[in-house]
Amino acid sequence: GDSVTQMEGPVTLSEEAFLTINCTYTATGYPSLFWYVQYPGEGLQLLLKATKADDKGSNKGFEATYRKETTSFHLEKGSVQVSDSAVYFCALSDRDTGNQFYFGTGTSLTVIP
Amino acid sequence: NAGVTQTPKFQVLKTGQSMTLQCAQDMNHEYMSWYRQDPGMGLRLIHYSVGAGITDQGEVPNGYNVSRSTTEDFPLRLLSAAPSQTSVYFCASSSRGVGLGEKLFFGSGTQLSVL
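This is a predicted model, so every value here is computed, not measured.

J.: Residue-level account of the overall build of chain B, with values.
T.: Within chain B, the secondary structure is distributed over zero helices and eleven strands. Walking chain B from its N terminus toward its C terminus, one meets helices and strands in the order β-β-β-β-β-β-β-β-β-β-β. Taken over C-alpha atoms, the radius of gyration comes to 13 Å for chain B, in line with the 13 Å a tight globule of 115 residues would show. C-alpha extents for chain B along the principal axes are approximately 40 × 30 × 25 Å. Restricting the contact set of chain B to residue pairs at least 6 apart, pairs at least 24 apart contribute 54%. Here chain B displays about 5200 Å² of accessible surface, and carbon together with sulfur accounts for 50% of that area.

The following block contains the structure:
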């Protein structure tokens, strides 16, 4: 079945450091890929998405490229800020496996000044 | 600009009690779903609905019931609460069936403790 595996946390970085959170997936069909972010005490909100191979999703300085050959969708940001402290979830949806999203376990990021 | 509204935000139950978690959306979304979030396990799908009168089970449906009588509302019922149901519950909706690149809109969550 479909699944998402993402880097274990927690991750602690200094402000302005480079961020990478790894995400790989297994899918039966041709999935759409997403990164969601959850700030403390809130629900998840979409950070970025990509719906076909080689597409790059980007938002708020974050980027991720849909790599079909390596089944990956790694999240990157060149210079993190304290306000980026949150939990990040990689997810996929796949029309071939029904009406549901598959989420990774989440990676907690803390950015210190 | 309400989006997805969940109530209550916090709830404490005793084992064996029943309750309903409410979820409403004002975006005319056809697709609605319930997830539970547990440490180290990410989000797991409980039940979902692709329209009024249509519901289906997700990954972890046992102990939960749902119904969808209107497009706007999708309540989640715990018939006899158990400590294993202690979790944070999220309702999410989408304009059409997932799998087509559509994003999910999430509510702010309900933190449930079962003693």
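There's plenty left to go through after this.
J.: Residues and numbers for the sheet that holds strand β3 (residues 19-25) of chain B, please.
T.: Residue and element names in this part refer to chain B. Sheet architecture is open: four strands sit in the order β1-β3-β8-β7, paired in antiparallel fashion. Either end of the sheet is taken by a strand with one partner, and the two such strands are β1 (4-7) and β7 (64-66). Averaged over neighbouring strand pairs, the angle between their axes works out to 20° when direction is ignored. In terms of strand pairing, β1 meets β3 through four bridges, oriented antiparallel. Note on β3: the bridge partner recorded for Gln 6 is Cys 23.

J.: Give me the pattern of salt bridges: which residues, what numbers.
T.: As enumerated under the stated definition, the model contains five salt bridges over all chains in all. Between Lys 56 of chain A and Glu 63 of chain A there is a salt bridge, and its shortest N-O distance comes to 3.6 Å. By relative accessible area, which is 35% here, Glu 63 of chain A ends up partly exposed. A salt bridge links Asp 84 of chain A to Lys 77 of chain A, with the nearest nitrogen and oxygen atoms 2.7 Å apart. The residues Asp 84 of chain A and Lys 77 of chain A share a single accessibility class, namely buried. Look at the salt bridges and you will find they share partners, linking Arg 36, Asp 38 and Arg 44 of chain B into a network.

J.: How would you explain the interface of chain B and chain A if you had to name every residue and give the values?
T.: Chain B puts 22 residues into the contact, and the matching count from chain A is 22 residues. Between chain B and chain A we count zero salt bridges in total. Breaking the side of chain B that touches chain A down by element, the ones donating at least two residues are β4 (31-38) and β5 (42-51) of chain B. With five residues, β5 of chain B is the single largest residue contributor to the side of chain B that touches chain A. Residues belonging to the side of chain B that touches chain A are distributed by class as follows: twelve nonpolar, eight polar and two charged.

J.: Can you break down the state of the cysteines residue by residue, with the values?
T.: All names here are of chain A. Counted according to the given criterion, the structure contains two disulfides over all chains. Disulfide pairing is shown between Cys 23 and Cys 90; the S-S distance is 1.9 Å. Looking down the S-S bond of the Cys 23 and Cys 90 bridge, the torsion is -70°, so its handedness is left-handed. Here Cys 23 is found in strand β4 (residues 23-26), whereas its partner Cys 90 is found in strand β10 (residues 86-93), with 67 residues between them in sequence. The same class applies to Cys 23 and to Cys 90, which are both buried.

Reading the values: the criteria
Residues numbered from 1 in each chain as written. Chains lettered and ligands numbered in written order. Predicted model: local features only at pLDDT ≥ 70, side-chain atom pairs only at ≥ 80, totals over all residues. Heavy atoms only, no water. Helix = DSSP H or I, 4+ residues; strand = E, 2+ residues; numbered from the N terminus. Rg over C-alpha atoms; globule rule 2.2 N^0.38 Å. Contact = heavy atoms within 4.5 Å. Areas by Shrake-Rupley, 256 points an atom, 1.4 Å probe, with all protein chains shown as cover. Pairing = 2+ DSSP bridges. Axes fitted to C-alpha atoms, helices over the stretch in contact; angles between N-to-C directions. Salt bridge = Lys/Arg side-chain N within 4 Å of Asp/Glu carboxyl O. Buried < 20%, exposed > 50% of the residue type's maximum accessible area, 1.4 Å probe, protein only. Nonpolar A, V, L, I, M, F, W, Y, C, P; charged D, E, K, R; others polar. Disulfide = S-S within 2.5 Å.

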